[in-house]
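Each chain, written out:
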Amino acid sequence: MENKKNLNLTLKIWRQKNNQSKGEFKTYDAPNVSPDASFLEMVDVINESLVVKGEETIAFDHDCREGICGSCGFMIDGNAHGPQKGTTVCQLHMRNFSDGQTVTLEPWRAEAFPIIKDLMVDRSAFDRIIKAGGYISANTGGAPDANAVPIPKYDADEAFLSAACIGCGACVASCKNASAALFTSAKITHLALLPQGAVEKDQRALDMVAQMDSEQFGACTSTGTCSASCPKEISLINIAKMNREYLRASWTKKEAVHGGDMA
Ligand code: FES
């Protein structure tokens, strides 16, 4: 579906002053939208018209607008980041919509992501998971030569695919359990595959999973919606790898405590 002509759309947008207030959908006209505009540019134009009318603008997160930073994200017609697979909302173009269409915008819905305002949610739960173990130990001094540590090609490729996670939260928002398993597993797997991540490997798996469990996220039941809606198409295999890392780390810790006598 690709439109060449300018579009006239009706938008139903979730408006909510803050986390304490009651939200509601409000209807806006979006006339004469260029098919080459990005979705966020279209909302920018709506906001400009609201400023002219002296009304409060629609709050939404964004930064790079290049699909890199993970700041943007909301539900469009029930889909995280909208209808186009493997695309962030900042990279979604209006040519993917039809003239006369009604489009519904609402924030990520998850206990762990409380609404800040309108389409903005607080994703600091992700930051706390990263803080729990998303780092490596490195000696101070000059940066080592990038090729000084040999890494098998397969591991480097797999680590790169996991590292592609931008932490936008689409996985949580699209999961019926609001699980953060895909996000957490991508971060654990990325570092577990690399020699630089080996130092804290076990503790990282234990701490990041514990932090994930302590937030308001639900449990993973392997429905796979997270991966299907991920703008970076992070694979479900990461979750299997996280479970393996966690089990091995738990077992290693028990062995250390019991001196290898597990009978
Ligand atoms: S604004 Fe950075 S990924 Fe969309």
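Residues numbered from 1 in each chain as written. Predicted model: local features only at pLDDT ≥ 70, side-chain atom pairs only at ≥ 80, totals over all residues. Heavy atoms only, no water.

Asks: Explain the overall build of the protein to me, please; I cannot follow it from the model alone.
Replies: From N to C terminus, the protein includes eight helices and seven strands. Overall, the C-alpha framework of the protein stretches about 70 × 40 × 35 Å when taken along its three principal axes. Out of the 263 residues in the protein, the part that is buried amounts to 43%. Counting only contacts in the protein whose residues sit at least 6 apart along the sequence, the fraction spanning at least 24 positions is 70%. As displayed, the protein offers around 13900 Å² of accessible surface, 52% of which is attributable to carbon and sulfur atoms. The protein carries 27 positive and 32 negative side-chain charges, and their two centres are separated by 3 Å. (Helix = DSSP H or I, 4+ residues; strand = E, 2+ residues; numbered from the N terminus. Buried < 20%, exposed > 50% of the residue type's maximum accessible area, 1.4 Å probe, protein only. Contact = heavy atoms within 4.5 Å. Areas by Shrake-Rupley, 256 points an atom, 1.4 Å probe, with all protein chains shown as cover. Lys, Arg positive; Asp, Glu negative; His and termini not counted. Charge placed at Lys NZ, Arg CZ, Asp CG, Glu CD.)

Asks: What am I meant to see in unusual backbone geometry here?
Replies: Residues apart from glycine generally show negative phi values, whereas peptide bonds are mostly found in trans. With a phi close to 55°, arginine 65 is a non-glycine residue in the positive phi region. Following the sequence through the fold, arginine 65 ends up in the loop between helix H1 (39-52) and strand E3 (75-76). Judged by its relative accessible area of 22%, arginine 65 is partly exposed. One non-glycine residue, histidine 81, adopts positive backbone phi at about 70°.

Asks: Is there a simple way to think about the sheet that holds strand E5 (residues 102-106) in this case?
Replies: Sheet strands line up and pair through hydrogen bonds in the backbone, either parallel or antiparallel. If you walk across this open sheet you meet the five strands as E2-E1-E5-E3-E4, and the pairing is mixed. Lying at the two open borders of the sheet, with one neighbouring strand each, are strand E2 (24-33) and strand E4 (79-80). Pairing analysis gives two bridges linking E3 to E4, with the strands arranged antiparallel. By the bridge assignment, methionine 75 is partnered in E4 with alanine 80. Packed onto the sheet, H1 meets strand E1 (7-15), E2, E3 and E5 and runs at close to 105° relative to E2. (Pairing = 2+ DSSP bridges. Axes fitted to C-alpha atoms, helices over the stretch in contact; angles between N-to-C directions.)

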